[in-house]
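What follows is each chain in one-letter form.
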Amino acid sequence: TSGGTEANALALHSSNPKTRLICSAIEHPSVSETALWLKQQGRAVEIIKVDNNGLIDESSFDELQIKSPAIVSMMLANNETGCIQDIAKHTDKLRANGVTVHTDAVQALGKIPVDFKKLGVQRMSISSHKIYGPKACGALVVAENFKLQAWQRGGDQEQGLGHGPHQLPGLAVSLCHRAGRQ
């Protein structure tokens, strides 16, 4: 993707429009404003409360009665408060109810250990400039069994998920990664 903002948008848009979207109250604007826009389009959007320390209030999960079909987005490390959420703990409960979990890990990457599998999420947004990589280059990491849907129309780049010309920094990273896997 072109960065964390696009990765977050792809994560939220890439689900059935009838799927509930639930975000924590302290998300980055790239998540909260996308959620607000989706709500204006008729999508069911709800907010998970946080406590005085900026941590997700676990009773909010019970109040919202979160079960499938739903996607929950929780920021791993907050860019304003530095608060780190225990995503893995929340993911265990949510996935038991068939809920898809996304985490915006942009601020956490390079600061704390970030392990997609240990977090237990199905979608995770990252951005290369947070680890001294090129700007305008990010990724949405997706569990193998999840299929994404394009949220923008008019291009067939990036296996039908992208738009416009390829962005060269991302292409170079992708090619290097693929070469290492072969």
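Here the structure is a predicted model, which means the values were calculated and not measured.

Student: Whenever I open this one, the overall build of the protein chain confuses me. Can you help?
Tutor: A tally of helices and strands in the protein chain yields seven helices and six strands. Reading the helices (α) and strands (β) of the protein chain from amino to carboxyl end gives α-β-α-β-α-β-α-β-α-β-β-α-α. The buried share of the protein chain, reckoned over its 182 residues, is 43%. The long-range fraction of contacts in the protein chain, counting pairs at least 24 apart against all pairs at least 6 apart in sequence, stands at 58%.

Student: Any chance you could explain helix α4 (residues 87-96) here in plain terms?
Tutor: Given 3.6 residues per turn, any residue in an α-helix points the same way as the ones three and four places further on. Regarding α4, the residues found buried are I87, H90, T91 and L94. Down the axis of α4, the buried set is contained in an arc of 105°. They therefore lie on one face. Exposed and facing more than 90 degrees away from the buried side of α4 are D92 and A96. Following α4 by one or two positions, G98 adopts a phi angle in the positive range, close to 75°.

Student: Looking at this structure, how should I read the pairing of strand β4 (residues 100-104)?
Tutor: Each regular strand carries side chains that alternate between the two faces of the sheet. With five of its five residues buried, β4 lies for the most part within the structure. Side-chain alternation along β4 places T100, H102 and D104 on one buried face and V101 and T103 on a second face that is also buried. In the sheet, strand β3 (residues 70-75) pairs with β4 via five bridges, with the strands oriented parallel. Residue pairing in the sheet places M74 in a bridge with T103 of β4. With respect to chirality, the unit in which β3 leads through α4 into the neighbouring parallel β4 is right-handed. Relative to strand β5 (residues 123-127), β4 runs parallel, the two sharing three bridges. Bridge assignment links H102 to a residue of β5, and that residue is R123.

Student: Can you help me understand the nonpolar core in this one?
Tutor: Across soluble globular proteins, nonpolar side chains have a tendency to be buried as a group. Core analysis: the biggest nonpolar cluster contains 24 residues, and I66, V72, M74 and L94 have the highest contact counts within it. Elements that contribute at least two residues to this core include exactly α3 (58-64), β3, α4, α5 (116-119) and β5. Sort the elements by how many residues they give to this core and β3 lands first, with three residues. Other than its neighbours up to four places away in sequence, L94 contacts F61, I66, V72, M74, V99 and V101. Residues L21, V31, L38 and I71 belong to the second largest nonpolar core, which totals eight residues.

Student: What am I meant to see in the sheet that holds β5 here?
Tutor: One key point about sheets: their strands pair by backbone hydrogen bonds, in either a parallel or an antiparallel sense. Strand order in the open sheet formed by six strands is β2-β1-β3-β4-β5-β6, and the pairing between neighbours is mixed. The open sheet has two edge strands with one neighbour each: β2 (45-48) and β6 (138-142). Each strand of the sheet is rotated relative to its neighbour by a mean of 20°, with strand direction disregarded. Pairing geometry for strand β1 (residues 20-24) and β3, over four bridges, is parallel. Bridge pairing links L21 to I71 in β3. Across the face of the sheet, helix α1 (residues 4-13) comes into contact with β1, β3, β4, β5 and β6 while running at roughly 165° to β5. Running at roughly 175° to β3, α4 makes contact with β3 and β4 of the sheet.

Student: How should I be thinking about α1 in this particular structure?
Tutor: For α1, a buried count of nine out of 10 residues is recorded, marking the element as mostly surrounded by other parts of the structure. Every buried residue belonging to α1 is among G4, E6, A7, N8, A9, L10, A11, L12 and H13, and all of these are buried. On its buried side, α1 packs onto β1, α2 (29-40), β3, β4, β5 and β6.

The rules we used
- Residues numbered from 1 in each chain as written.
- Predicted model: local features only at pLDDT ≥ 70, side-chain atom pairs only at ≥ 80, totals over all residues.
- Heavy atoms only, no water.
- Helix = DSSP H or I, 4+ residues; strand = E, 2+ residues; numbered from the N terminus.
- Buried < 20%, exposed > 50% of the residue type's maximum accessible area, 1.4 Å probe, protein only.
- Contact = heavy atoms within 4.5 Å.
- Arc of directions from axis to C-beta.
- Pairing = 2+ DSSP bridges.
- Right-handed = clockwise from strand over helix to strand, strands pointing away.
- Core = buried A, V, L, I, M, F, W, Y, C linked by side-chain atoms within 4.5 Å.
- Axes fitted to C-alpha atoms, helices over the stretch in contact; angles between N-to-C directions.

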